[in-house]
Amino acid sequence: MPFVLASPIGEPSIDFADARAVRLLNRALLCAQYGVQHWQLPDGYLCPPIPGRADYLAGLADILTEAKPNLAAATACVLDVGVGASCIYPLLGHAQYGWQFVGSDIDQQALAAAQHNIDANQLQNAIELRHQPQRGQIFTGVIQVQDRFALSICNPPFHASAAEAARGSARKWRNLAQSDDVIADRVSPNLNFGGKGSELWCTGGEASFIKRMINESAKFGAQVRWFSSLVAKAEHLPDIYKQLKKHAAKDVRTVVMAQGNKQSRFVAWTFSGSR
């Protein structure tokens, strides 16, 4: 079978070295588990791991329903900062929880690809896309006066430079090769993991991006009930908590998630309190 090979212990495994295999796996999961019939991802864009993205949304749904169950109903609107070409969070969130979405991005080609996925699944009434024209801004220029969001979500750029992003891709590739020596030296890691510049890195990396997000979020606390962001590096948490205390966040939650041997987390905060 194409895209299937034997693992080092002789069991069948997806050929994760092949970008086509990863995209087709995502397409199958979206269709089988979430009823998303059509999904395309242009070459080179970040191909998201669906279980991890679903865990993030599930954790946020728990926070919403803890105090006010109606916030998780279909009327809840969610802002996805950096929606990307995959449009993965709006597709999953609408399918699983009935949420409405606004997705923003600085990359107009990514927005065009995301819009294709929206149109193909006839979700124009559930998902709206907005272009962020200023690279240094996050909420400003996207959130409009009339907007009210139950949540904002974000998977921030991880690296601080293009060179660091390239080293990170090479490191992932070495780890993959160690777990499956059949694929070693077959394909460039960039062809597998993908990701455009704005998806992978920004000046200052993850820590700087989240700091800017917190600074801006304080201006929109009356329009967004819960802000949130994935945090890839646990060592960034103390500075994140310091910034949130500085801006007088009334409630801060850290939710740890695990997929196999990989552990990640997200931080959520509100300026209106949890009740």
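What you see is a predicted model, and the numbers here were worked out from it, not measured in a lab.

Criteria and cut-off values
- Residues numbered from 1 in each chain as written.
- Predicted model: local features only at pLDDT ≥ 70, side-chain atom pairs only at ≥ 80, totals over all residues.
- Heavy atoms only, no water.
- Helix = DSSP H or I, 4+ residues; strand = E, 2+ residues; numbered from the N terminus.
- Buried < 20%, exposed > 50% of the residue type's maximum accessible area, 1.4 Å probe, protein only.
- Contact = heavy atoms within 4.5 Å.
- Areas by Shrake-Rupley, 256 points an atom, 1.4 Å probe, with all protein chains shown as cover.
- Pairing = 2+ DSSP bridges.
- Axes fitted to C-alpha atoms, helices over the stretch in contact; angles between N-to-C directions.
- Arc of directions from axis to C-beta.
- Core = buried A, V, L, I, M, F, W, Y, C linked by side-chain atoms within 4.5 Å.
- Phe/Tyr/Trp six-rings, centres within 6.5 Å; stacked < 30°, edge-to-face > 60°.
- pLDDT = per-residue confidence, 0-100.

Undergrad: What should I look at first to understand the overall build of the protein in this one?
TA: If you tally the helices and strands in the protein, you get 9 helices and 9 strands. Counting all 275 residues of the protein, 48% fall into the buried class. Intrachain contacts of the protein at a sequence separation of at least 6 include 68% that bridge at least 24 residues. Working note: accessible area of the protein is about 13,400 Å², and carbon and sulfur atoms make up 52% of it.

Undergrad: Which parts of the structure should I look at to understand the pairing of strand β9 (residues 262–270)?
TA: Within a regular beta strand, the side chains point alternately toward one face of the sheet and then the other, so they alternate between its two faces. Here 5 bridges tie strand β7 (residues 224–231) to β9, and the two strands are oriented antiparallel to one another. Bridge pairing links Ser228 to Ala268 in β9. Taken together, the 9 bridges between strand β8 (residues 251–259) and β9 define a ladder with antiparallel strand orientation. Looking at β9, one finds that Met257 is bridged to Ser264.

Undergrad: When you look at the sheet that holds β8 in this model, what are you seeing that I'm missing?
TA: Paired through backbone hydrogen bonds, the strands of a sheet run either parallel or antiparallel to each other. Pairing is mixed across the open sheet formed by 7 strands, whose spatial order is β5-β4-β3-β6-β7-β9-β8. The open sheet terminates on both sides in strands that have one partner only, identified here as β5 (127–131) and β8. Between one strand axis and the next, the sheet turns by 20 degrees as a mean value, whatever way the strands run. Sheet strands touched by helix α8 (residues 205–217): β6 (149–154), β7 and β9. Its angle to β7, the strand with the most contacts, is close to 175 degrees. Here helix α9 (residues 237–246) sits on the sheet in contact with β7, β8 and β9, set at roughly 5 degrees to β9.

Undergrad: Would you mind going over α9 with me for this structure?
TA: Structurally, the α-helix is built with 3.6 residues per turn, so residues lying three or four positions apart point the same way. Among the residues of α9, those classed as buried are Leu237, Ile240, Gln243 and Leu244. Within α9, the buried residues cover an arc of 125 degrees as seen down the axis, which keeps them to one side. Exposed and oriented more than 90 degrees from the buried face of α9 are Pro238, Asp239, Lys242, Lys245 and Lys246. Those residues of α9 hidden inside the fold are in contact with α8, β7, β8 and β9. One or two residues past the end of α9 sits Ala248, with phi positive at roughly 60 degrees.

Undergrad: Got a minute to help me understand unusual backbone geometry in this structure?
TA: Excluding glycine, a negative phi dihedral is what most residues carry, and trans is how most peptide bonds are arranged. We note that Cys87 has phi near 55 degrees; this positive angle belongs to a residue other than glycine. Inspection of the secondary structure puts Cys87 in the loop between β3 (77–81) and α3 (88–97). For Ala248, which is not a glycine, the phi torsion comes out positive at approximately 60 degrees.

Undergrad: Can you help me understand the nonpolar core in this one?
TA: Generally speaking, nonpolar side chains in soluble globular proteins are found buried as a group. Counting residues in hydrophobic clusters, the biggest one holds 42 residues, and the most contacted among them are Tyr56, Trp99, Ile127, Ile153 and Phe266. For this core, the leading source of residues is helix α2 (residues 50–67), giving 7 residues. Setting aside residues no more than four positions away along its own chain, Phe266 makes contact with Tyr56, Gly59, Leu60, Ile63, Ser229, Leu230, Val231, Arg253, Thr254, Val255 and Met257.

Undergrad: Honestly, the packing of aromatic side chains in this entry has me stumped. Any pointers?
TA: The relation between two aromatic rings is expressed through the spacing of the ring centres and the mutual angle of the planes. For the coordinates displayed, the defined rule picks out 8 aromatic pairs. A ring pair is formed by Tyr56 and Phe266, whose centres lie 5.0 Å apart and whose planes are at 45 degrees; its orientation type is tilted. Of this pair, Tyr56 sits in helix α2 while Phe266 sits in strand β9, placing them 210 residues apart in sequence. Take Tyr56: its relative accessible area is 0%, and that puts it in the buried class. A residue is classified by how much of its surface remains accessible, and Phe266, at 0% relative accessible area, is buried.

Undergrad: Help me understand the pairing of β6, please; the structure alone is not making it clear to me.
TA: The buried fraction of β6 amounts to 6 of the 6 residues, a majority that puts the element mostly inside the structure. Sheet topology note: the β3/β6 ladder contains 4 bridges and is parallel. Bridge pairing links Leu79 to Ser152 in β6. Sheet topology places β6 next to β7; 2 bridges connect them, and they run parallel. Bridged to Leu151 within β7 is Trp226.

Undergrad: Looking at this structure, I do not really get the confidence of the model for the protein. What am I missing?
TA: A low pLDDT score tells you not to read the predicted coordinates there in detail. A residue-level look at the protein finds 75% of positions with pLDDT of 70 or above and a mean pLDDT of 83. Here residues 168–174 scores under 50 on pLDDT; set against residues more than four positions off or in separate chains, the count is 14 contacts.

Undergrad: Mind showing me how you'd approach the environment of Gly141 here?
TA: Topologically, Gly141 is positioned in the loop between β5 and β6. Sequence separation between Gly141 and Ser104 is 37 residues; the distance between their C-alpha atoms is 9.9 Å.

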